[in-house]
Number of protein chains: 2
Amino acid sequence: MGRVSIKDIASKIGVSTATVSLVLNGKDKLGRVSEQLSKKIRETAKSMNYKPNGFAKALRSGRSETIGLVVADISNPFFAHLAFHIQEHADRYGYSVIITNTNESPKKMEKMVSILKYRQVDGFIIVPTENGSRCIEELHENKIPVVLLDRYFPEIPSDYVGVDNFHASMKATEHLLKLGCKKIALITYKTTLRHAQERRDGYVSALAGCDLYDSRLIKEVNHSTIVEDINRSVQELILGDNKIDGFFFTTNTISSIGLKKLKEMQINVPEDIKTVCFDKIESFDFSTIPFVQQPIPEMGKQAVDIVVDRIRNGNPSPVHIELKAELIV
Amino acid sequence: MGRVSIKDIASKIGVSTATVSLVLNGKDKLGRVSEQLSKKIRETAKSMNYKPNGFAKALRSGRSETIGLVVADISNPFFAHLAFHIQEHADRYGYSVIITNTNESPKKMEKMVSILKYRQVDGFIIVPTENGSRCIEELHENKIPVVLLDRYFPEIPSDYVGVDNFHASMKATEHLLKLGCKKIALITYKTTLRHAQERRDGYVSALAGCDLYDSRLIKEVNHSTIVEDINRSVQELILGDNKIDGFFFTTNTISSIGLKKLKEMQINVPEDIKTVCFDKIESFDFSTIPFVQQPIPEMGKQAVDIVVDRIRNGNPSPVHIELKAELIV
DNA sequence: AAATTTTGCTAAAACGATTAATTAATTTAT
DNA sequence: ATAAATTAATTAATCGTTTTAGCAAAATTT
């Protein structure tokens, strides 16, 4: 016995498929189907274990009830957690989520967006890569709902959900200052992405406030050579002339590699040097290291809320949501 | 300008949609379309930026070129990494992946499978939950390709990809023995899932071999109350009469919580007590703790290979693939 | 009683592709 | 020159649903 279609139900009861469809979509009031028949159809559908064919539905209606999620790397815990909450929340609206990875390559991002477009997703939630703005603009031009997440492009107005990177970084840096640090190094990505710059600006602003800013303490690392870059930077900073007494790592990946290097060099945290990280690292003894905690569940929820709203009600002026990130000590 | 359909191409050149479809699907030899026209159609399609409508295709052909992935929890790094590799590999076959979470609840697993069925996925890769065998059997009855991953049900024959849990655990336990441990505790899930039992059996077997097996050193924890359970177990074991000198944690989550508790109790690893974990914990100082490393990329690859093969070539006798897991010291 | 409105349902055309069956034109074989 | 085979395209049905327009019968209004 193959799949049960609307036609099977219709012919079993002896009505038209139109009537069945109307009833099963709750439009029986509008279509004026009698109470009795309505009930009978619903019961028959249930007893025959009818499941609507999503493709037929999507083809006819033009909506797939699917959201495309594009992240840098689903195996990164930050994005994995985001994905988890996005899915759980989307599920409540009846939306499924297709997750894809860019691996921080704009080329791959374009490819993934194209695949998702082919899959006719109703809307996108995207953590964009550097130089990925063209791709986003194209989606805008095609009037496809997009919510940017975690990162955004200041030059193009679009819906965005993220955290207040600037103030979070400032607070993080100030925490090190309060602990007495005078020479605080920053390790961050070499990127034009705004959220990274905001994190840097927060750090700079905190230090400039008390005349401790020194540009030589900022080290930029490349995504593609991250391990070597961080190892080298940490080594230089530690062994160099500046007597570094604090580190601010601007992402979980950077933190993880940086702390590993420190451990390797037999530098104890926080005894020998203080550190603060952006994002949590899953670690059994992380308890001693303060970190900036982004409200991941809320970020996911907001992104879903917005994209679903755009899908359903069209595109008024874009919103730019900046959530507060807490410093956990 | 809306989407370009096959009809648009056809009418632009002045041919039938059938011809266009034939050419665009590489069946022009079969359908005997002239070389010239063939070329012209391909060029026009490209210039008009034609993207086939997946739903129409899926509706007509009955295949969605989508794989449904059901994992316990995508925010768990082990599953996140699996998901990553599954996606990357599926992409090479032209398949998209829809990921869903069960949160270890068989009810939710059923719901997710049902959603994915409604989405007409061509095949499933499933990390099943305890008591989830009925759901898998139903898929078998409906002749929908399923590959079980990480866990399986011995009572139902189905495709499966996992690791040799028994020997991996045995090796892990033997490592502790080699380090001189005499009282090795096991912390594992209280579950009927076979893979967990295999891990326990490996541990038991290693200890029984040298007469060190003591059932009181095995502690089972519940998924829903995992933190309290582990904390209590660790505390009991450490403070109890048995002078525990080793721990074997059977999953990454258990390891993480267990190690955190040890740290809290000021027990140093590996000075005061030796430990070995199943799965890697993302941690900057994990370097000192030996762990069983599952070949995640290979597991993902195999699972995709099998499910795609089943989709394309039907269902011969199920395969049961057990990969070797390495002990990383 | 005729005209109008409401009620309850159906017919049929989409949506965008695929594909078996045909047709028409040309080439080859007899 | 006629029949057979090959080549090159088209027609039309189909997948399962949604939805607009329309039709008859019943109920209501005038």
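Above this text you will find the structure in question.
This structure is a prediction, so every number in the text was calculated from the model and none was measured. (Residues numbered from 1 in each chain as written. Chains lettered and ligands numbered in written order. Predicted model: local features only at pLDDT ≥ 70, side-chain atom pairs only at ≥ 80, totals over all residues. Heavy atoms only, no water.)

Engineer: Account for the sheet that holds strand S10 (residues 291–293) of chain B, naming residues and giving values.
Structural biologist: Within a sheet, each strand pairs with its neighbour through backbone hydrogen bonds, oriented either parallel or antiparallel. Residues and elements named next belong to chain B. Spatial strand order, S7-S6-S8-S9-S10-S12: six strands in an open sheet with mixed pairing. Pairing within the sheet leaves two strands with one partner each, and these edge strands are strand S7 (218–221) and strand S12 (326–328). If you compare each strand with its neighbour and ignore which way they point, the axes differ by 20° on average. Strand direction decides the pairing type here: strand S6 (residues 184–189) and strand S8 (residues 246–249), joined by four bridges, are parallel. Across the sheet, Leu-186 pairs through a bridge with Phe-248, a residue of S8. (Pairing = 2+ DSSP bridges. Helix = DSSP H or I, 4+ residues; strand = E, 2+ residues; numbered from the N terminus. Axes fitted to C-alpha atoms, helices over the stretch in contact; angles between N-to-C directions.)

Engineer: Hey, could you go over helix H10 (residues 226–239) of chain A for me, with residue numbers and the actual values?
Structural biologist: Residue and element names in this part refer to chain A. Between its first and last C-alpha atoms H10 spans 20 Å; for 14 residues at 1.5 Å apiece the expected length is 20 Å, and the two agree. Ile-226, Asp-229, Ile-230, Ser-233, Val-234 and Leu-237 are the residues of H10 that are buried. Relative to the axis of H10, the buried residues are bounded by an arc of 120° and lie together on one face. (Expected span 1.5 Å × (residues − 1). Buried < 20%, exposed > 50% of the residue type's maximum accessible area, 1.4 Å probe, protein only. Arc of directions from axis to C-beta.)

Engineer: Pulling in residues and values, what's your account of the sheet that holds strand S8 (residues 246–249) of chain A?
Structural biologist: All names here are of chain A. With mixed pairing, the six strands of this open sheet are ordered in space as S7-S6-S8-S9-S10-S12. Where the open sheet ends on each side, the last strands, each with one partner, are strand S7 (218–221) and strand S12 (326–328). Put simply, the sheet's adjacent strands are angled 20° from each other on average, direction ignored. Against the sheet, helix H8 (residues 165–178) engages strand S6 (184–189), S8, strand S9 (274–278), strand S10 (291–293) and S12, with an angle of about 165° to S9. (Contact = heavy atoms within 4.5 Å.)

Engineer: I'd like to hear about the packing of aromatic side chains, residue by residue, with values.
Structural biologist: All names here are of chain A. Enumeration over the complete set of coordinates arrives at seven aromatic pairs over all chains. When the centroid spacing of 5.2 Å and the interplanar angle of 10° are considered together, the rings of Phe-247 and Phe-249 count as stacked. Each member of the pair, Phe-247 together with Phe-249, is buried. A cation sits over an aromatic face here: Arg-199 above Phe-278, 3.7 Å from the ring centre. (Phe/Tyr/Trp six-rings, centres within 6.5 Å; stacked < 30°, edge-to-face > 60°. Lys NZ or Arg CZ within 6 Å of the ring centre and 35° of its normal.)

Engineer: Account for the relation of the copies chain B and chain A, with residues named and values stated.
Structural biologist: When chain B is fitted onto chain A, the two copies agree to an RMSD of 0.1 Å after a turn of 180° and an axial shift of 0.1 Å. Considering both components of the superposition, the chain copies are consistent with a two-fold axis. A symmetric contact is evident, with 100% of the interface residues of chain B recurring at the interface of chain A. (Least-squares fit on C-alpha atoms with pLDDT ≥ 70 in both.)

Engineer: Describe the pattern of salt bridges, and please don't skip the residues or the numbers.
Structural biologist: One pass over the structure, following the stated rule, counts 32 salt bridges over all chains. Among the ionic pairs, Asp305(A) bridges to Lys301(A), the shortest N-O distance being 3.0 Å. Placement of the pair is Asp305(A) and Lys301(A) together in helix H12 (residues 296–313), with a separation of four residues, close to one helical turn. With a closest N to O distance of 3.6 Å, Arg134(B) and Glu141(B) form a salt bridge. Glu141(B) gets classed as exposed once you look at its relative accessible area, which sits at 53%. (Salt bridge = Lys/Arg side-chain N within 4 Å of Asp/Glu carboxyl O.)

Engineer: Tell me about the protein's contact with DNA strand D, and name the residues and values.
Structural biologist: Near DNA strand D you find 27 residues, and of these Ile6(A), Ser21(A), Arg60(A), Thr19(B) and Ser34(B) are the closest. A share of 62% of the atoms of DNA strand D within 4 Å of the protein falls on sugar and phosphate groups. Separating a base nitrogen of DNA strand D from a backbone N or O atom of Ala56(A) is a distance of 3.4 Å. Sorting the residues of the surface near DNA strand D by element identifies helix H1 (6–13), helix H2 (17–24) and helix H4 (54–61) of chain A together with helix H2 (17–24) and helix H5 (54–61) of chain B as the ones contributing at least two each. Per-class residue counts for the surface near DNA strand D are 11 nonpolar, nine polar and seven charged. (Near = heavy atom within 4 Å. Polar contact = N/O pair within 3.5 Å; in protein donor to acceptor, adjacent residues only side chain to side chain. Nonpolar A, V, L, I, M, F, W, Y, C, P; charged D, E, K, R; others polar.)

Engineer: With reference to specific residues and values, describe the pairing of S6(A).
Structural biologist: Successive residues of a regular strand alternate their side chains across the two faces of the sheet. Residues and elements named next belong to chain A. Across the six residues that make up S6, a large majority, six, are buried. Note: S6 against S7, four bridges, orientation parallel. For Tyr-189, the partnering residue across the bridge sits in S7 and is Val-221. Handedness of the crossover joining S6 and S7 through helix H9 (residues 194–208) is recorded here as right-handed. (Right-handed = clockwise from strand over helix to strand, strands pointing away.)

Engineer: Which residues make up the nonpolar core, and what values do they have?
Structural biologist: One broad trend across soluble globular proteins is that nonpolar side chains are buried collectively. With 137 residues, the main nonpolar core has Phe247(A) and Phe247(B) as its most contacted residues. Grouped together as the second largest cluster of nonpolar side chains are 38 residues, Ile98(A), Leu139(A), Val146(A) and Ile144(B) included. (Core = buried A, V, L, I, M, F, W, Y, C linked by side-chain atoms within 4.5 Å.)

Engineer: Help me get a handle on the protein's contact with DNA strand C, residues and values and all.
Structural biologist: Thr19(A), Ser34(A), Ile6(B), Ser21(B) and Arg60(B) are the nearest of the 26 residues found near DNA strand C. If you look at DNA strand C and keep only atoms within 4 Å of the protein, 57% of those are sugar or phosphate atoms. A distance of 2.5 Å separates a phosphate oxygen of DNA strand C from a polar side-chain atom of Thr19(A). Of the residues in the surface near DNA strand C, the class split is 11 nonpolar, nine polar and six charged.

Engineer: Now, about the state of the cysteines: what can you tell me, with residues and values included?
Structural biologist: All told, the structure shown has zero disulfides over all chains when counted by the stated rule. Here Cys210(B) is not cross-linked by a disulfide; its sulfur's nearest cysteine counterpart is in Cys181(B), at 11 Å. (Disulfide = S-S within 2.5 Å.)

Engineer: Tell me what's going on with the interface of chain B and chain A, and back it up with residues and numbers.
Structural biologist: On the side of chain A, 51 residues touch chain B, which itself brings 51 residues to the contact. Carbon and sulfur atoms supply 55% of the area buried between chain B and chain A, which totals about 4,500 Å² over both sides. Our enumeration of links across chain B and chain A arrives at four salt bridges. Measuring nitrogen to oxygen at the nearest pair gives 2.7 Å for the salt bridge that ties Lys108(A) to Glu88(B). Seen at the junction of chain B and chain A, the total is 16 residue pairs in polar contact (both at pLDDT 80 or more). Mapped by element, the contributors of at least two residues to the side of chain B that touches chain A are H5, helix H6 (77–92), strand S2 (96–101), helix H7 (106–118) and helix H12 (252–264) of chain B. (Buried area = accessible area lost by both parts, 1.4 Å probe.)

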